[in-house]
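What follows is each chain in one-letter form.
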Amino acid sequence: MENRPDEWKIEQGLTGASLPVLDMTGPETRAIPPAEVQKEFKDEDAIKAVGDPNELFQMERTGWKGFVEWEEYPEKKAAAHKILTSQSFPGAPEYQMTEIPATNPLLDGERWKLWHSAIGGELTVVPNDSWKIVLEEKHADMLHILQFPYNGEPPKRLVTSKPVTPNPLHFVRNHGGIPIIDKQNYSFLLDGLVSHPQSFTLDELMDETRFPRMKKHVTMQCSGTRRIEQITRYPGKGDELPQAPWAEGAIGTAEYEGVSLKKIIKACGGLIDDGKHLEFFGADTYFKDNECMNYRVSVPWSKVKANEVMLAWNMNGEPLPKIHGYPLRVVVFGYIGARSVKWLYRIKAINAPTRAPVQSKEYLYFPQQVGKYNMRLTDGIQIQEMPVSSAIMSPWTKQVVIHEGSIRCKGWAYSGGGRWPERVELSADGGFSWYTVPPENLSKKRKWTWRTWEFDLPCDVEGWIDVLVRCWDNALNTQPPDVRTAWNWGLHVTSSCHTINLYSVNKKHPATRARLEDMERNQVPLAPITVPLSIPSQSWDDYEKFWRKHDPRDADED
Ligand SMILES: Nc1nc2c(c(=O)[nH]1)N[C@H]1C(S)=C(S)[C@@H](COP(=O)(O)O)O[C@H]1N2
Ligand SMILES: [Mo]
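As the structure is a prediction and not an experimental result, all values here were calculated from the model.

Just checking my understanding: could you explain the pairing of strand β22 (residues 406-414) for this structure?
Across a regular strand the side chains alternate sides, sitting on one face of the sheet and then on the other. Note that strand β20 (residues 389-394) and β22 share five bridges and pair antiparallel. Looking across to β22, one finds that isoleucine 392 is bridged to glycine 411. Pairing geometry for β22 and strand β25 (residues 451-458), over eight bridges, is antiparallel. By the bridge assignment for β25, cysteine 409 is matched with phenylalanine 455.

Okay, structure coming up:
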């Protein structure tokens, strides 16, 4: 054994996957080195034998660019599977225990791009088209977490700049490319366990003589919001989930307009037999374990029956942006974003929650002791309603704050399931004592939305402080104190108290005030706190004066 050039970093756990596993099951501990990278291969003949991609994976419907229907075509799925397993693709990038690149986009999604070009046909140009739409529709300052499939969130200063998020700043979570659907050629099918299966065009949905309109402010939250706090504590599920290392911006609020899904189901004569769940199909293609599929999830009928599921065509008074599901998406109030299917092409009434992977294999909330080697899907709770949570958008962690006894803070608070933030509290001492944000400093109270807030947090002390926020919802639920208490293998639902570290400089303290004035007089910049000050911290006169008045450092014997 010899030192490697990165020996110190490996020993400190800073190089991720290069550490050997220690097997302690025998009398001697055995080190198992990380596996070799898989060899590249491509079986051209096998791929060719599958057939012509332009025929196999052609445009499904006129005016639906980038849409391949997989769910009704097992042969098509089999062909795609054959292509994907007849060649190698690069592995998932390992950055959970190493540094995330300092670029925007943060991650490029190379594997997804290669999967799309490997399938070809209608999917060939999807990555390019999708990126063009991002540049057209989203704010220039969006943080592009993943270029393709596109995942993006607004920077902290813009997350809560308005209580209703402007469309260009609303976060985006995509599992595949963006289908470009022409409104004139649009319709969706409602079938399965309903009396009279039917298709609906947009004009039919918008016919107010048939269906009353519905307008509602709704907060959409990805269950991966604030995942980065879990990732930086401990890595978790190392597949597609960490492709969305969200900070606090995977949440947004908009006013949606559309119709209640309940009315549409009634128009089809209602559910029959043991119809109990509604399955939604999205027109995008999702790649998972060498399979191609449409994005698919379901919600229970009870949720629909309560008029809490909308088919929406407008977002903040404008037609849905392409990136948010144009021309029609589902909006499920108070559930995780994952259930609000975009680019809806089909709704199917079924008798049990869908077995599609997004519902049955992902968005699961595991107990803390469940992980890679002992996990069963049934150990996880399928996440629907999000618990109460909150976050501080300003200041940022590790910032130095000069103040006069209180620190200006801003952020959001939200609770799922139709509960709303009733009280927001902040602590400047790591969660020992809490100050309540006055109700007038919270944005409007609504059943299905977050509330943004502002607060001058009292703080006397000087130096590093832990600032925490917590919310109490109207059912008096609140948040666990620390990430560790809620850490889970799937890295979902980071609802622990959001904590930032600030360096407090309190100008109310005479010594601090004098020092800052001294610095200003001498034109000493407010350098980073880690850089030593270039002016003395105390005059020698003062120093000597102190010792003339006080006992010396060491005590004499009597
Ligand atoms: N068709 C389709 N619908 C989808 C998704 C998707 O990838 N495809 N992502 C879901 C997830 S996980 C979330 S959090 C929300 C995000 O909605 P937004 O992109 O409009 O903010 O959309 C949901 N609907
Ligand atoms: Mo999500």
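Don't stop here, the text continues.
What am I meant to see in the sheet that holds strand β13 (residues 291-300) here?
Within a beta sheet, neighbouring strands are joined by backbone hydrogen bonds and run either parallel or antiparallel to one another. Across the sheet, which stays open at both edges, the five strands sit in the order β9-β8-β17-β12-β13 with mixed pairing between neighbours. Edge positions in the sheet fall to β9 (198-201) and β13, since each of these pairs with one other strand and no more. Within the sheet, the average angular offset between the axes of one strand and its neighbour, ignoring direction, is 25°. Here four bridges tie strand β8 (residues 187-192) to strand β17 (residues 344-350), and the two strands are oriented parallel to one another. The residue bridging glycine 192 from the neighbouring strand is alanine 349, located in β17.

It is not clear to me how the site of ligand 1 should be interpreted in this structure. Could you clarify?
Near ligand 1 there are 19 residues, and of these Phe171, Asp284, His324, Arg329 and Lys342 occur at the shortest range. Histidine 175 is positioned with one of its backbone polar atoms (N or O) 2.7 Å from an oxygen atom of ligand 1. Arginine 329 places a side-chain nitrogen or oxygen 2.7 Å from an oxygen atom of ligand 1. Relative to its free-state accessible area of 530 Å², ligand 1 is covered by the protein chains to the extent of 100%.

Help me understand helix α6 (residues 126-137) in this model?
For an α-helix, the turn length of 3.6 residues means that residues three or four places apart are oriented alike. In this model, α6 (12 residues) spans 16 Å end to end at C-alpha, consistent with the 16 Å of a helix rising 1.5 Å per residue. All of the buried residues along α6 are Val126, Pro127, Asp129, Ser130, Trp131, Ile133, Val134 and Glu137. In this structure, the buried side of α6 is in contact with β3 (64-65), α5 (110-119), β4 (143-146) and β7 (180-181).

I would appreciate a short explanation of the domain arrangement of the protein in the present structure.
A common way to report how large an interface is uses the accessible area buried once the components associate. Looking at the assigned domains, one finds that the protein contains domain 1 (44-365), domain 2 (389-506) and domain 3 (510-549). Just the C-alpha atoms count here: the centres of domain 2 and domain 3 sit 34 Å apart. At the junction of the two partners, domain 2 supplies eight residues and domain 3 supplies five residues. With both chains or domains summed, domain 2 and domain 3 bury close to 470 Å², and 73% of this area falls on carbon and sulfur atoms. Ranking the residues of domain 2 by area buried against domain 3 places Val400, Ile402 and Glu404 at the top, with a combined share of 51%. Linking domain 2 to domain 3 there are one salt bridge. In this structure, arginine 513 and glutamate 404 form a salt bridge, with 2.7 Å as the shortest nitrogen-oxygen distance. For the pair domain 2 and domain 3, the interface holds two residue pairs in polar contact (both at pLDDT 80 or more). At the level of elements, β21 (399-403) and β27 (499-506) are the ones that each hand at least two residues to the side of domain 2 that touches domain 3. The element contributing the most residues to the side of domain 2 that touches domain 3 is β27, with three residues. Within the side of domain 2 that touches domain 3, the residues separate by chemical class into five nonpolar, one polar and two charged.

Which parts of the structure should I look at to understand the side chain of threonine 219?
Summarising the element assignment, threonine 219 is placed in strand β10 (residues 214-221). A distance of 2.8 Å separates a polar side-chain atom of threonine 219 from the backbone nitrogen of tryptophan 450. When near neighbours in sequence (up to four residues on either side) are disregarded, threonine 219 contacts Ile251, Gly252, Thr253, Tyr414, Trp448, Thr449 and Trp450.

Calculation rules
- Residues numbered from 1 in each chain as written.
- Chains lettered and ligands numbered in written order.
- Predicted model: local features only at pLDDT ≥ 70, side-chain atom pairs only at ≥ 80, totals over all residues.
- Heavy atoms only, no water.
- Pairing = 2+ DSSP bridges.
- Helix = DSSP H or I, 4+ residues; strand = E, 2+ residues; numbered from the N terminus.
- Axes fitted to C-alpha atoms, helices over the stretch in contact; angles between N-to-C directions.
- Near = heavy atom within 4 Å.
- Polar contact = N/O pair within 3.5 Å; in protein donor to acceptor, adjacent residues only side chain to side chain.
- Areas by Shrake-Rupley, 256 points an atom, 1.4 Å probe, with all protein chains shown as cover.
- Expected span 1.5 Å × (residues − 1).
- Buried < 20%, exposed > 50% of the residue type's maximum accessible area, 1.4 Å probe, protein only.
- Contact = heavy atoms within 4.5 Å.
- Domains from an automatic or database assignment.
- Buried area = accessible area lost by both parts, 1.4 Å probe.
- Salt bridge = Lys/Arg side-chain N within 4 Å of Asp/Glu carboxyl O.
- Nonpolar A, V, L, I, M, F, W, Y, C, P; charged D, E, K, R; others polar.

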